[in-house]
Amino acid sequence: MSKDVFVVIEQREGHVQKVGLELLGEAQKLAAVLGEKVVAILLGSNITGKAKMLYEYGADKVIVVDDPMLKLYVTEPYAKALTTVIGLYDPNVVLFGASSIGRDLAPRVAGRVHTGLTADCTKLDVDAENGLLLMTRPAFGGNIMATIVCKNYRPQMATVRPGVMKMPERKEAAECEPEIVRVAFEPSDMNVEIMEVLPKATKSVDITEAKVLVSGGRAVGGAEGFEPLHKLADVLGGEVASSRVGVDSGWIEKDRQVGQTGKTVRPDLYVACGISGAIQHLAGMEDSEFILAINKDATCPMMEIADLGIQGDIKKIVPKLTEAITKFKASKAVDK
Amino acid sequence: MKIAVCIKQVPDTTEVRLDPKTNTLIRDGVPSIINPDDKSGIESALKIKEENPEATVTVVCMGPPQADVALREALAMGCDDAILISGREFGGSDTYATATIIASGLKKVGFDLIITGRQAIDGDTAQVGPQIAEQMKIPQISYAEELKVEGDSVIVKRQFEDCYHIVKAKMPCLVTALSELAKPRYMTVRGIIDAYEKNITVLGFDDLKDMLNPEWIGLNGSPTNVVQSFTKQAKAKGTKLTGLTDDEAVEAIVAKLDELHLI
């Protein structure tokens, strides 16, 4: 019988990606309800040493396929490795990060093992009556949420966006030895040849890691309009983000886009500067701990969902706020 | 070289609004468009055709008869012919079932290069492209930002979060297009006239039934089912301050951030 909650751990150049660890945390919750175990699957080359860390983040078992064929991500070798593992272990659930790798690999594998796959879930749950995985995801650009089940096929598979699930705590683990699975690769499995790896021109910023985000919308007005936002972000110890309009207009790089077609973020503080709050944008940030909105239009959707909505002109308020916070911090330092 | 571009007709989700009273989607008057990533795929195929005059571009769409409009638009952009995959039996299909059906149509005709959009703006799953490739047992390259044909191979600049891979694959293969791949051209008047003279081939269940397992399609053949859909609950109201001077506003923000220990 199919059992256990498996998490496909994404690694790039041997570095375990955060989303896999987030999913180990979520898998622990699901596995506790199901009375099953959490199993991490690690695919890569020269990667076995990372297994210990996965035990520390809550895996009950770690399965490793360590093979030079898996050095860089190519769909077919990864799909073959994962299909082999699924065939050997018969998982109940398999979770993936909804990254550009997870969203390439998961559908291919779901197709091969003939099972259902739910993309970009924002919430996972177990149906108390029948033990089915309840996979909830946004659709229609975040306008509606749908809860999806996979009744008749196993494993139940889902991808989950990075930043949606909380990181579990890292603990000492007694176990550190992985189970090694060997996959009979053929040279023909490498059916796509990587000719070159190019870094992205600008250094990528991971806004999902930031505790504070100062985010700009249409009212920012241009690339130079982001300058005051950068200064505010600096005094708050955060990063600058943007709604779609800033990216589409070329004012700021795509890495910083929040929303349905950008990233999902949940910082401690989200400062929405002149963002009216299209539903696609709200979908990417509404779970932030505290939302501060500054907008001329007091009736726009962002002002409605904000924890603190300030009607006003960002061009005037943002620089003044930066100055005031700088002063405030200085005064606190003197007090000490 | 035969190129197929798979497109989806979608509601323009940027135009979809919520009815604040009923909290339901207002879909009336929302225009249907060719999904943006797919349209970029069409443009990319047409560019390949310009450099390889022997190439043909067939646009393929699964959907209701009204999807005809999307196919006509693609023809008016310059595609050579169009296939509409349509039938009652196909309704309610999830991504697996949809890919099964579309793959059967593509196999029936036979293509060297298949281009799909990365994802559709109504579902956002990005699953149908890779699943078509799996059903056809051909390589896939997703997230294409550049695409060219060299001999019997494609060369693709494949986007990741932190880098690109320049990859090469032998045809037949499938490529999923990002919107960045190519900026779609406009329809020409000549193209629009031609589009209405061109024939759209309709493939129904009977045309494809020998190519697919009827138990794997439609609502009943779909591995996943929607059990519930809902609009998000509005969260508890925060504080809204209007009509303050800039200095009062700054003071209010600093006080709040201090209270929350954020500064």
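One can find the structure itself at the top, above this paragraph.
Owing to the predicted nature of the structure, the values given are computational and were not obtained by experimental measurement.

### Details of the pattern of salt bridges
If you walk through the whole model with that rule in mind, you get 37 salt bridges over all chains. The residue glutamate 161 of chain B makes a salt bridge to arginine 12 of chain A at a minimum N-O spacing of 2.7 Å. A residue pair is termed interchain when its members come from two chains, as with glutamate 161 of chain B in the loop between β10 (153-159) and β11 (163-170) and arginine 12 of chain A in strand β2 (residues 11-12). On the basis of relative accessibility, which here comes to 32%, the residue glutamate 161 of chain B falls in the partly exposed class. Residue arginine 12 of chain A is classed as buried on the basis of its relative accessible area, which comes to 11%. Among the ionic pairs, lysine 209 of chain B bridges to aspartate 206 of chain B, the shortest N-O distance being 3.6 Å. On the basis of relative accessible area, lysine 209 of chain B is assigned to the partly exposed category, the value being 45%. If you follow the salt bridges from partner to partner, you end up with Glu10 and Arg12 of chain A together with Glu161 and Asp162 of chain B in one network.

### Things to note about the interface of chain B and chain A
Contact with chain B, which involves 73 residues of that partner, is made by 80 residues of chain A. Around 7000 Å² of area is buried between chain B and chain A when both sides are counted, 58% of it from carbon and sulfur atoms. Taken together, chain B and chain A are joined by 7 salt bridges. Across the chain B-chain A interface, the total number found is 35 residue pairs in polar contact (both at pLDDT 80 or more). Among the elements that line the side of chain B that touches chain A, the one with the most residues is helix α8 (residues 246-259) of chain B, at 10 residues. With 3 bridges connecting them, strand β18 (residues 308-311) of chain A and strand β15 (residues 239-241) of chain B associate as parallel partners. Counterpart to leucine 308 of chain A in the pairing with β15 of chain B is threonine 239 of chain B.

### Quick look at a nonpolar patch on the surface
Residue and element names in this part refer to chain B. A contiguous nonpolar surface patch, about 300 Å² in accessible area, is contributed by Met187, Ile192 and Tyr196. You can see isoleucine 192 is positioned in helix α5 (residues 189-197). Accessibility expressed as a relative area gives 36% for isoleucine 192, which makes it partly exposed.

### Re the packing of aromatic side chains
All told, the structure shown has 4 aromatic pairs over all chains when counted by the stated rule. With centroids separated by 6.5 Å and ring planes inclined at 80°, the aromatic side chains of tyrosine 73 of chain A and phenylalanine 160 of chain B adopt a geometry described as edge-to-face. With tyrosine 73 of chain A in the loop between β5 (61-66) and α3 (75-89) and phenylalanine 160 of chain B in the loop between β10 and β11, this residue pair bridges two chains. Phenylalanine 160 of chain B gets classed as buried once you look at its relative accessible area, which sits at 4%. Of the aromatic side chains, those joined through ring pairs into one cluster are Tyr73 and Tyr78 of chain A together with Phe160 of chain B. Across from the ring centre of phenylalanine 111 of chain B, 5.5 Å away, lies the NZ or CZ of lysine 2 of chain B, which sits over that ring. Note that lysine 157 of chain B overlies the ring of tyrosine 164 of chain B, its terminal NZ or CZ placed 4.2 Å from the centroid.

### Regarding the nonpolar core
Of all hydrophobic cores here, the largest spans 43 residues; its most connected members are Ile3, Ile7, Ile42, Leu113 and Val154 of chain B. Sorting elements by how many residues they give to this core places helix α2 (residues 68-77) of chain B first, with 6 residues. Those residues within four positions of valine 154 of chain B in sequence are excluded, and the remaining contacts are Leu113, Ile141, Leu147, Lys148, Val149, Val167, Lys168, Ala169, Met171, Cys173 and Val175 of chain B. Grouped together as the second largest cluster of nonpolar side chains are 35 residues, Leu23, Leu42, Leu54 and Cys121 of chain A included.

### Some points on the pairing of strand β1 (residues 5-9) of chain A
All names here are of chain A. Summarising burial for β1: 5 of the 5 residues are buried, a large majority. Residues Val5, Val7 and Ile9 line one face of β1 and the alternating positions Phe6 and Val8 line the opposite face, and both faces are buried. In the sheet, β1 pairs with strand β6 (residues 93-97) via 3 bridges, with the strands oriented parallel. When the sheet's bridge partners are listed, valine 7 is paired in β6 with leucine 95. Pairing analysis gives 5 bridges linking β1 to strand β4 (residues 38-44), with the strands arranged parallel.

### Some words on the sheet that holds strand β15 (residues 239-242) of chain A
Overall, parallel pairing links the 6 strands, which are arranged β15(A)-β14(A)-β16(A)-β17(A)-β18(A)-β15(B) in an open sheet. The strands lining the two open edges of the sheet, one partner per strand, are β15 of chain A together with β15 of chain B. On average, each strand axis in the sheet is inclined to that of its neighbour by 15°, with strand direction left out of account. Pairing of strand β14 (residues 212-216) of chain A with strand β16 (residues 269-273) of chain A, which is carried by 5 bridges, proceeds in the parallel orientation. Looking at β16 of chain A, one finds that leucine 213 of chain A is bridged to tyrosine 270 of chain A.

### Some thoughts on empty space enclosed by the protein
All names here are of chain A. Per the stated rule, a full pass over the model turns up 3 cavities of 30 Å³ or more. By volume, the largest cavity is sized at about 140 Å³. Lining of the largest cavity is provided by 13 residues; of these, Val8, Ile9, Glu10, Ile101 and Leu105 occupy positions nearest its centre. Listing elements by their share of the lining of the largest cavity, those giving two or more residues are β1, β6 and α4 (102-113).

### Considering the pairing of β15 of chain A
Residue and element names in this part refer to chain A. Inspection of the sheet shows β14 paired to β15 by 4 bridges, in the parallel sense. Residue pairing across strands places leucine 213 opposite glutamate 239, the latter belonging to β15. Handedness of the β14-helix α5 (residues 227-236)-β15 crossover: right-handed.

Basis of the calculations
- Residues numbered from 1 in each chain as written.
- Chains lettered and ligands numbered in written order.
- Predicted model: local features only at pLDDT ≥ 70, side-chain atom pairs only at ≥ 80, totals over all residues.
- Heavy atoms only, no water.
- Salt bridge = Lys/Arg side-chain N within 4 Å of Asp/Glu carboxyl O.
- Helix = DSSP H or I, 4+ residues; strand = E, 2+ residues; numbered from the N terminus.
- Buried < 20%, exposed > 50% of the residue type's maximum accessible area, 1.4 Å probe, protein only.
- Contact = heavy atoms within 4.5 Å.
- Buried area = accessible area lost by both parts, 1.4 Å probe.
- Polar contact = N/O pair within 3.5 Å; in protein donor to acceptor, adjacent residues only side chain to side chain.
- Pairing = 2+ DSSP bridges.
- Patch = residues over 30% accessible without salt bridge, like charges linked within 9 Å, V, L, I, M, F, W, Y side chains within 5 Å.
- Areas by Shrake-Rupley, 256 points an atom, 1.4 Å probe, with all protein chains shown as cover.
- Phe/Tyr/Trp six-rings, centres within 6.5 Å; stacked < 30°, edge-to-face > 60°.
- Lys NZ or Arg CZ within 6 Å of the ring centre and 35° of its normal.
- Core = buried A, V, L, I, M, F, W, Y, C linked by side-chain atoms within 4.5 Å.
- Axes fitted to C-alpha atoms, helices over the stretch in contact; angles between N-to-C directions.
- 1 Å grid on protein atoms, 1.4 Å probe; cavity = no way out; pocket = protein on both sides within 12 Å on 5 of 7 lines; lining within 4 Å.
- Points joined across faces, edges and corners; volume = space filled by probe spheres on them.
- Right-handed = clockwise from strand over helix to strand, strands pointing away.

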